[in-house]
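What follows is the residue order along each chain.
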Amino acid sequence: MIKIEKLKTLPPFKNQTIKTFKPMPQQGHANTIYIIKTEQQSYILREFKIKIDRKVEFRVQKKVYRQKIASKPILLTKELMVSSFLEGKHKSKLTQQELKKIAQLLKKLHKIKIRQKQNNFKNNFKFNHTKAKQAFMILDKEKKEYALGHNDLHPQNIIFNKKTIKLIDWEYARYSDIYFDLVSIIIEYKLNKKDTKTFLQSYFGKKSINHKKINAYTIIYKELWKLWFKKLAKGEL
């Protein structure tokens, strides 16, 4: 746990009075999260728990912040990252209107240009993982639609307030197929057929929806997170 004495030496806080410094009630698996309040503003500090390229995360968050999709990234060190605090709340269920808004938010995200290698998630699986292998065989025959994806769109990473919806925790953001983000929303919010139709039509408009890719990425998404949690339990991350 980071100590307040060290906190006071960090650039954002050197000339400020820290009024509150405490862990957030809900914690993630990849970071220990703190809220910091000064006389000027509030911040989120994320102390890293797993190894991942945080320079990529910081660079991506800068880009998406400029498009008003994320909070402002302020400081990155080897141990932690500081961002501005976003007011709002998480939701476990979405209205039809909220589904449409998230669809439009993802369309906006997927239009942001970024230079990265394509991430097709194959490297996350061993060659003999049968379910994933079959899903990738289907995807290999389909059109590739790569864009900047968040790739971790569970409800705790989506913040709603009265006017906007914003995304947090960009450590897994990569240049990947748009269908992975779309499937994430469908699975994480347990969308029924009506809600799924509303969400996908809001995203694609008059364009056709590739249901083969929806089905394949559904398998990959579920198997990927099973694998991730197994590695987490073994301390392999």
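Preceding this paragraph is the structure being described.
Residues numbered from 1 in each chain as written. Predicted model: local features only at pLDDT ≥ 70, side-chain atom pairs only at ≥ 80, totals over all residues. Heavy atoms only, no water.

(A) Spotlight on the sheet that holds strand 3 (residues 42-48). Sheet architecture is open: 5 strands sit in the order 1-2-3-5-4, paired in antiparallel fashion. This sheet does not close on itself; its edge strands, each paired only once, are strand 1 (18-23) and strand 4 (73-76). Averaged over all pairs of adjacent strands, the angle between their axes in this sheet comes to 20°, without regard to strand direction. Along the sheet, helix 2 (residues 54-66) contacts strand 2 (31-38), strand 3, strand 4 and strand 5 (80-84); its crossing angle with strand 4, the most-contacted strand, is approximately 165°. (Pairing = 2+ DSSP bridges. Helix = DSSP H or I, 4+ residues; strand = E, 2+ residues; numbered from the N terminus. Axes fitted to C-alpha atoms, helices over the stretch in contact; angles between N-to-C directions. Contact = heavy atoms within 4.5 Å.)

(B) Representation of the sheet that holds strand 6 (residues 118-119) within the structure. The sheet built from 3 strands is open, its strands ordered 6-10-7 with mixed pairing. Taken across any chain shown, the strands that pair with only one partner, and hence form the sheet edges, are strand 6 and strand 7 (146-149). By the bridge criterion, 2 bridges tie strand 6 to strand 10 (residues 174-177) in an arrangement that is parallel. Of the residues in strand 10, the one forming a bridge with Asn119 is Ser176.

(C) Helix 4 (residues 130-140), seen in detail. Listed in full, the buried residues belonging to helix 4 are Ala132, Ala135, Phe136 and Leu139. What you see down the axis of helix 4 is that its buried residues fit within an arc of 100°, all on one side. (Buried < 20%, exposed > 50% of the residue type's maximum accessible area, 1.4 Å probe, protein only. Arc of directions from axis to C-beta.)

(D) Local environment of the packing of aromatic side chains. Under the defined criterion, the tally for this structure stands at 11 aromatic pairs. Seen in terms of ring centroids, Phe13 and Tyr43 are 5.0 Å apart; in terms of plane orientation they differ by 80°. Their pairing is edge-to-face. Separated by 30 residues along the polypeptide, Phe13 in the loop between helix 1 (4-7) and strand 1 and Tyr43 in strand 3 bring together distant segments of the chain. Each member of the pair, Phe13 as well as Tyr43, carries the same accessibility label: buried. The interplanar angle of 70° and the centroid separation of 5.8 Å between the aromatic rings of Phe125 and Phe136 together place this pair among those described as edge-to-face. Taken together, the positions of Phe125 in the loop between strand 6 and helix 4 and Phe136 in helix 4 put the pair 11 residues apart, joining distant regions of the chain. (Phe/Tyr/Trp six-rings, centres within 6.5 Å; stacked < 30°, edge-to-face > 60°.)

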